[in-house]
Amino acid sequence: MSAWIVDRDHLDLLLTAAVQWNLITADQADDTGRMLWKENLASVAYRYPRDRDGGRPGPHGFRDRDVDTYRYRPYPGRIDPEVIEAAAGSLWYQSCEHPGWHDSAAAQWVNRLLQLAAGRIPAYLAEHGPVDPRRQAPGETGWYVLVDLAGKRQTRSADGWSVPDRDVLHRAAALRTGAQP
């Protein structure tokens, strides 16, 4: 496996959903973000023991002490549970490398957010319709179609995997087909 340190925008995205879905209050977002980032750093440091402060895979210029400076900035746009599910799954994957992860408060928190996102997807799809990846601009790859071994087509959010910018929810909303009859 590989792992990297997620950036501030990735945490902001997850925490925005957590606040809106009443998993935490806005007052708890800074501390929660620092907790998540510390576990993520611990995982990457464990996975790559030869890497040192400033040289770990992650945001450009990231230093280990940055995990103590996290401050929550709410995300704009309607919270899309499919994007949140992908982003939370990514944080889980990036943070699961060290032996203490599975019993950590951060792992429990991420698992709870994953459950909340998955539970909100059916109602969200009913209201806003599915994403149509063909509606993306040429060269965009934020959403893609996956055909599983049983031949079932599924639309997946790659945007949430790396959270390339703070416009991820607006892009997802623009690709929704509208409520289905």
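Below is a short write-up of the structure. (Residues numbered from 1 in each chain as written. Predicted model: local features only at pLDDT ≥ 70, side-chain atom pairs only at ≥ 80, totals over all residues. Heavy atoms only, no water.)

1. Some remarks on the overall build of the chain
Part 1 of the argument: Each helix and strand counted, the chain has 6 helices and 2 strands in total.
Part 2 of the argument: Its helices and strands taken in sequence order, the chain reads α-α-α-α-β-β-α-α from the N to the C terminus.
Part 3 of the argument: Taking 16 Å as the expected radius of gyration for a compact globule of 181 residues, we find that the chain reaches 17 Å, a close match to that expectation.
Part 4 of the argument: Every one of the 181 residues in the chain was classed for burial, and the buried ones make up 45%.
Part 5 of the argument: The contacts of the chain with a sequence gap of at least 6 include a subset with a gap of at least 24, amounting to 78%.
Part 6 of the argument: About 9300 Å² of surface is accessible on the chain, with carbon and sulfur atoms providing 51% of the total.
Part 7 of the argument: Between the centroid of the 22 positive side chains of the chain and the centroid of its 24 negative side chains there is a distance of 2 Å. (Helix = DSSP H or I, 4+ residues; strand = E, 2+ residues; numbered from the N terminus. Rg over C-alpha atoms; globule rule 2.2 N^0.38 Å. Buried < 20%, exposed > 50% of the residue type's maximum accessible area, 1.4 Å probe, protein only. Contact = heavy atoms within 4.5 Å. Areas by Shrake-Rupley, 256 points an atom, 1.4 Å probe, with all protein chains shown as cover. Lys, Arg positive; Asp, Glu negative; His and termini not counted. Charge placed at Lys NZ, Arg CZ, Asp CG, Glu CD.)

2. Some remarks on the environment of isoleucine 84
Part 1 of the argument: One can find isoleucine 84 in helix α3 (residues 81-95).
Part 2 of the argument: On a C-alpha basis, the gap between isoleucine 84 and alanine 18 in space is 9.5 Å, while along the polypeptide they are 66 residues apart.
Part 3 of the argument: Not counting chain neighbours up to four residues away, the residues in contact with isoleucine 84 comprise Leu13, Leu14, Ala17, Trp21, Ile79, Leu113 and Ala117.

3. Brief notes about the packing of helix α1 (residues 8-20) against α3
Part 1 of the argument: Contact geometry for α1 and α3: axes closest at 10 Å, N-to-C directions at 125°. Here α1 lies oblique to α3, going by the angle between them. In this structure, the crossing between α1 and α3 has a hand that is left-handed. Between α1 and α3, the contacting residues are His10, Leu11, Leu13, Leu14 and Ala17 on the first element and Val83, Ile84, Ala87, Ala88, Ser90 and Leu91 on the second.
Part 2 of the argument: Classifying every residue of the contact of α1 with α3 gives 9 nonpolar, 2 polar and no charged. (Axes fitted to C-alpha atoms, helices over the stretch in contact; angles between N-to-C directions. Parallel < 35°, antiparallel > 145°, perpendicular 65-115°, else oblique. Left-handed = near helix turned anticlockwise from the far one by under 90°. Nonpolar A, V, L, I, M, F, W, Y, C, P; charged D, E, K, R; others polar.)

4. What about the pattern of salt bridges?
Part 1 of the argument: In the structure shown here, the tally under the stated rule is 14 salt bridges.
Part 2 of the argument: We note a salt bridge from aspartate 68 to lysine 38, for which the minimum N-O separation is 3.2 Å. Separated by 30 residues along the polypeptide, aspartate 68 in the loop between α2 (29-47) and α3 and lysine 38 in helix α2 bring together distant segments of the chain.
Part 3 of the argument: Across the pair arginine 171 and aspartate 159 runs a salt bridge, and its minimum N-O distance is 2.6 Å. One end of the pair, arginine 171, is in helix α6 (residues 168-174); the other, aspartate 159, is in helix α5 (residues 159-162), and 12 residues separate them in sequence.
Part 4 of the argument: Connected through shared salt-bridge partners, Asp9, Asp12, Arg73 and Arg166 make up one network. (Salt bridge = Lys/Arg side-chain N within 4 Å of Asp/Glu carboxyl O.)

5. What to know about unusual backbone geometry
Part 1 of the argument: Even without being glycine, asparagine 22 reaches a positive phi, approximately 60°.
Part 2 of the argument: Its location among the elements puts asparagine 22 in the loop between α1 and α2.
Part 3 of the argument: Since its relative accessible area comes to 68%, asparagine 22 is described here as exposed.
Part 4 of the argument: The backbone phi angle of valine 163 is positive, close to 40°, even though this residue is not glycine.
Part 5 of the argument: Examined against the element boundaries, valine 163 turns out to sit in the loop between α5 and α6.

6. Looking at helix α4 (residues 105-128)
Part 1 of the argument: Between its terminal C-alpha atoms α4 stretches 33 Å, which fits the 34 Å expected from 24 residues at 1.5 Å a residue.
Part 2 of the argument: Among the residues making up α4, those that are buried are Ala106, Ala107, Trp109, Val110, Leu113, Leu116, Ala117, Ile121, Tyr124 and His128.
Part 3 of the argument: Tucked inside the fold, the buried residues of α4 contact α1, α2 and α3.
Part 4 of the argument: With its phi angle positive at about 80°, glycine 129 sits one or two positions after the end of α4. (Expected span 1.5 Å × (residues − 1).)

7. Regarding the pairing of strand β2 (residues 153-157)
Part 1 of the argument: The pairing of strand β1 (residues 143-147) with β2 spans 5 bridges and is antiparallel. The residue bridging tyrosine 144 from the neighbouring strand is arginine 156, located in β2.
Part 2 of the argument: The turn linking β1 back onto β2 is made up of 5 residues, and glycine 151 within it adopts a positive phi angle of 85°. (Pairing = 2+ DSSP bridges.)

Keep in mind these numbers describe shape, not what the thing actually does.
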